[in-house]
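Take a look at the letters that make up each chain.
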Amino acid sequence: RGPCCRHEGPSVRPSRSEYNDSSPLQRSNSFTRPSGKSIYNQRKDYSQTLLKPQSNFHVEHLLTVRLERDIRSINDCLAHLKVLEAQGRVWGQDLILQVKDQELVLRDVESKEELEAYPLGRVQGCLAALDVCGYDSVLAISVQERSPPGTSVLLFQCEHLGAETLKSSLEKLVKQWKEEQRSQYGHR
């Protein structure tokens, strides 16, 4: 039978005797449809949220590389990723990359535990790279470390959303934050 055929087996609906008096279904048998105005306002609010950049992203953290003598740029980090991948030495972890409370936060997917947080003011830049060794869509984010001082590059595989889209959203969020900081402290 295809999905469009009628089900002719026994009814799966409970009989009246299976409902007890305390059942919430007994208390209200009617469903009230929201008003047209209410639906319109909900849709309007929803469309406004679509205009805001997304701030939670499911990614796979591949590697964090500290910029030093031999590795001086994001491109050097991507080359290093290729070498490690060829050797089978990349150990990825699924994470939630989140922009929250003026920070770029890395969270565990299951426990939601915060693993690392970087103030947005320390995010130096993003680069999206396609087809890097076995990875379709890699996002590189450079951040200024506090201690020891220096720059690190975080590399993420972005299968769900794509590195370009994620890069664009992160850049918008960082730009928004910087504009808020300027207006808050009177700098133009």
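Residues numbered from 1 in each chain as written. Predicted model: local features only at pLDDT ≥ 70, side-chain atom pairs only at ≥ 80, totals over all residues. Heavy atoms only, no water.

Peer 1: Can you walk me through the sheet that holds strand 5 (residues 123-132) in this structure?
Peer 2: Either a parallel or an antiparallel arrangement is found when strands of a sheet pair, and the pairing is made through backbone hydrogen bonds. Strand order in the open sheet formed by 7 strands is 4-3-2-1-7-6-5, and the pairing between neighbours is antiparallel. Two strands lie at the open edges of the sheet, namely strand 4 (114-119) and strand 5, each paired on one side alone. On average, adjacent strands in this sheet sit at an angle of 35 degrees to one another, irrespective of strand direction. Most of the contacts of helix 3 (residues 74-86) go to strand 5, to which it runs at about 45 degrees, and overall it touches strand 1 (56-66), strand 5, strand 6 (135-145) and strand 7 (150-157). Contacting strand 1, strand 2 (93-100), strand 3 (103-108), strand 5 and strand 6, helix 4 (residues 163-185) runs over the sheet at an angle of about 170 degrees to strand 5. (Pairing = 2+ DSSP bridges. Helix = DSSP H or I, 4+ residues; strand = E, 2+ residues; numbered from the N terminus. Axes fitted to C-alpha atoms, helices over the stretch in contact; angles between N-to-C directions. Contact = heavy atoms within 4.5 Å.)

Peer 1: Honestly, the side chain of Lys 167 in this entry has me stumped. Any pointers?
Peer 2: Relative to the helices and strands, Lys 167 is located in helix 4. Taking relative accessible area as the criterion, Lys 167 reaches 18% and is therefore assigned buried. Filtering out sequence-adjacent residues up to four positions away, Lys 167 remains in contact with Cys 126, Leu 127, Ala 128 and Leu 139. (Buried < 20%, exposed > 50% of the residue type's maximum accessible area, 1.4 Å probe, protein only.)

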